[in-house]
Amino acid sequence: MRRTPRIGGAPLAGALVCAGLALSLAACGGDDGAQGGTGEASLQGRGPITFVTGKDRSGYLQKQVDGWNAEHPKEQVRIIELPDEPNDQRQQMIQNATTKSDAYAVLNLDVVWTAEFAANRWLTEIPKSQVDLSRMLPATISTGQYRDRLYAVPSTSDAGMLYYREDLLKKAGVSAPPKTYAEMWDACAEVEKLPEAKGIDCFFTEVNKTESLTISAVEAIGSAGGAIIGPDGKPTLNTPQAKQGVEFLVSAKKEHMPKEAVTLDTEGGRRYFQSGKLVFQRQWPYQYALADQKDGSSKVAGKFAVAPLPGPNGPGVANLGGHNLAISAFAENKASALDFIRYLTGEQSQRANLLATSQAPTVAALYDDPEMVKKFPYLPVLKQAIANAKPRPVAVKYGDVTAAIQGEMYDAVTGKKPVDQALTDLQAKLQPLTAQ
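The rules behind each value
Residues numbered from 1 in each chain as written. Predicted model: local features only at pLDDT ≥ 70, side-chain atom pairs only at ≥ 80, totals over all residues. Heavy atoms only, no water. Helix = DSSP H or I, 4+ residues; strand = E, 2+ residues; numbered from the N terminus. Rg over C-alpha atoms; globule rule 2.2 N^0.38 Å. Buried < 20%, exposed > 50% of the residue type's maximum accessible area, 1.4 Å probe, protein only. Areas by Shrake-Rupley, 256 points an atom, 1.4 Å probe, with all protein chains shown as cover. Lys, Arg positive; Asp, Glu negative; His and termini not counted. Charge placed at Lys NZ, Arg CZ, Asp CG, Glu CD. Pairing = 2+ DSSP bridges. Axes fitted to C-alpha atoms, helices over the stretch in contact; angles between N-to-C directions. Contact = heavy atoms within 4.5 Å. Domains from an automatic or database assignment. Buried area = accessible area lost by both parts, 1.4 Å probe. Salt bridge = Lys/Arg side-chain N within 4 Å of Asp/Glu carboxyl O. Right-handed = clockwise from strand over helix to strand, strands pointing away. Expected span 1.5 Å × (residues − 1). Polar contact = N/O pair within 3.5 Å; in protein donor to acceptor, adjacent residues only side chain to side chain.

### Quick word on the overall build of the protein chain
Inference 1: Scanning the protein chain for helices and strands turns up 16 helices and 13 strands.
Inference 2: In terms of overall dimensions, the protein chain is globule-like: its C-alpha atoms have a radius of gyration of 22 Å, near the 22 Å expected for 436 residues.
Inference 3: Projected onto the principal axes, the alpha-carbon positions of the protein chain cover approximately 65 × 50 × 30 Å.
Inference 4: The buried share among the 436 residues of the protein chain stands at 58%.
Inference 5: Working note: accessible area of the protein chain is about 17,700 Å², and carbon and sulfur atoms make up 50% of it.
Inference 6: Of the charged side chains in the protein chain, 47 are positive and 48 negative, and the gap between their average positions amounts to 2 Å.

This is how it looks when you write it as structure tokens:
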């Protein structure tokens, strides 16, 4: 029997269908059994492998890999770190796949890339019998599937939350975090009266022309009761709800965000909040541990809390984010790759990763674990946010879809186009991209 790797001295323990999953299936080519490899026969070979991932902001990933390498001297894992921006990560992975290179073995995929990579036969199918999905959040499992087959194992989940300066709200007499946009603006007005709030900005969500703007659009439109892609797989931008959502982004950027909002990415937003310049911020869970550092790197340590995102008439809708681990169809040593995926997605590894980085796990039990909840009080809120979250459009031509969304939303928030025109243009661009 193979020994089980350890982290921290403890042994490692060995469906919600996304609304646009039907998009573009007819464009995939080939039959169902032709994508990547299927069955256990395709998961052969042992030896060294690479783990391809975006930039590790926490610095903890190498420690996890070191734990594996110490137990597997003949199956060493080498990290290949790609740029921080998701668009750049996706492009480099696609370039590797289109050349059928074996340089990449295990891929750390954004959850929304599964359909595109599986449809293009860049991934090896993972038999569901080979991984324990029973302990994972149902919403996360669906993100690793394509045509009801598993191509990626949920590793970390994500949902946007509202970070807020709890200390300033209390001093301003605001008793609870806002549930609506109006309550958020009113709270900012009260905070601005405080001497210590001089020069502070009210709110920030990403509106730069990157994947993050697609996420902001999904959340804003979803919170208004709309969707970019409807249940039938067709774009639905010609609705009052879509208009209301985009108008929120436009007015928030103009009236309540930092002047440099369109230049701030995820990390830029994190640094802005940690410098004490924001009252409210939409951000991912990973920020919690970094913003709460007591080493002087954060001016808001011990001064902030998190809550569900607000919406126009009540709690809003978060985007379902996260990452899944997949095996390149062109990799050697696929058996080692699958074991490594089991290692990283096991409950003990996810517990250790949560403690070290505050990244959201996919194992459901960790959200209810008393020790974890004591350290991360937001976990029950996050669990509910993930269950109710809306995915980004799932499409085989996802790169073109998200580029169209980013372009039109950027034109709207920067005032280059009226909201109505941006939505009309986006509807026209998405129709051929999502045609079945």
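Let's pick the thread back up.
### Quick word on the sheet that holds strand β13 (residues 320–327)
Paired through backbone hydrogen bonds, the strands of a sheet run either parallel or antiparallel to each other.
Inference 1: Strand order in the open sheet formed by five strands is β4-β3-β5-β13-β8, and the pairing between neighbours is mixed. Whereas interior strands pair on both sides, the edge strands pair on one side only; in this sheet they are β4 (77–81) and β8 (153–159). Neighbour-to-neighbour, the strand axes of the sheet open up by a mean angle of 20°, direction not taken into account.
Inference 2: In terms of strand pairing, strand β3 (residues 49–53) meets strand β5 (residues 106–110) through two bridges, oriented parallel. Bridging from a neighbouring strand, Phe 51 pairs with Val 106 of β5.
Inference 3: Strand contacts of helix α11 (residues 334–345): β3, β4, β5, β8 and β13, with the helix running at about 150° to β13, the strand carrying the most contacts.
Inference 4: This element, helix α14 (residues 379–388), spans β8 and β13 of the sheet and lies at about 105° to β8.

### Topic: the environment of Trp 284
Inference 1: You can see Trp 284 is positioned in the loop between β11 (278–283) and α10 (287–291).
Inference 2: Owing to a relative accessible area of 10%, Trp 284 belongs among the buried residues under this scheme.
Inference 3: A C-alpha to C-alpha distance of 34 Å links Trp 284 and Lys 100, two positions 184 residues apart in sequence.
Inference 4: Once residues lying within four places of it in the same chain are set aside, the contact partners of Trp 284 are Asp 158, Ala 159, Gly 160, Tyr 163, Ile 215, Thr 266, Asn 319 and Gly 321.

### Observations concerning the domain arrangement of the protein chain
Inference 1: Along its sequence, the protein chain is carved into domain 1 (49–158 + 320–391) and domain 2 (161–317 + 395–434).
Inference 2: In this structure, domain 1 and domain 2 have C-alpha centres spaced 26 Å apart.
Inference 3: Counting from both sides, the interface comprises 28 residues of domain 1 and, opposite them, 21 residues of domain 2.
Inference 4: Together, the buried faces of domain 1 and domain 2 total about 1,900 Å²; carbon and sulfur atoms form 69% of this surface.
Inference 5: Here domain 1 is connected to domain 2 by zero salt bridges.

### Comments concerning the sheet that holds strand β10 (residues 201–204)
Inference 1: Pairing is mixed across the open sheet formed by four strands, whose spatial order is β10-β11-β9-β12. With one partner strand each, in any of the chains shown, β10 and β12 (304–307) form the two edges of the open sheet. Sheet twist, expressed as the average angle between the axes of neighbouring strands with direction ignored, equals 15°.
Inference 2: Across three bridges, β10 lies against β11 in parallel orientation. Each bridged residue has a counterpart across the sheet, and for Asp 201 the counterpart in β11 is Leu 278.

### Focus on the pattern of salt bridges
Inference 1: This structure, assessed with the given rule, holds 22 salt bridges.
Inference 2: A salt bridge links Glu 75 to Arg 46; its shortest N-O distance comes to 3.1 Å. Placement of Glu 75 in the loop between α1 (61–71) and β4 and of Arg 46 in the loop between β2 (10–11) and β3 is noted, with a sequence separation of 29 residues between them.
Inference 3: A single network of salt bridges, built from pairs that share partners, joins Arg 46, Glu 75, Asp 339 and Arg 342.

### Observations regarding the pairing of β4
Inference 1: Note: β3 against β4, five bridges, orientation parallel. Paired with Ile 49 across the strands is Val 77, a residue of β4.
Inference 2: The parallel pair β3 and β4 is bridged by α1, and the resulting crossover is right-handed.

### Remarks on α11
Inference 1: Spanning 12 residues, α11 covers 16 Å between terminal C-alpha atoms, matching the ideal 16 Å at 1.5 Å per step.
Inference 2: Counted residue by residue, α11 has 11 buried out of 12 residues, so it is predominantly covered.
Inference 3: Looking only at α11, the buried set comprises Lys 334, Ala 335, Ser 336, Ala 337, Leu 338, Asp 339, Phe 340, Ile 341, Tyr 343, Leu 344 and Thr 345.

### Describing the side chain of Gln 145
Inference 1: Take Gln 145: it is sitting in strand β6 (residues 145–146).
Inference 2: On the basis of relative accessible area, Gln 145 is assigned to the buried category, the value being 13%.
Inference 3: Of note is the side chain of Gln 145, whose polar atom sits 3.1 Å from the side chain of Lys 128.

### As for the side chain of Gln 287
Inference 1: Relative to the assigned elements, Gln 287 resides in helix α10.
Inference 2: With relative accessibility at 0%, the residue Gln 287 sits in the buried group.

### Re the pairing of β11
Inference 1: With respect to burial, β11 is a largely interior element, six of its six residues being buried.
Inference 2: Here four bridges tie strand β9 (residues 161–165) to β11, and the two strands are oriented antiparallel to one another. Residue pairing across strands places Leu 162 opposite Arg 282, the latter belonging to β11.

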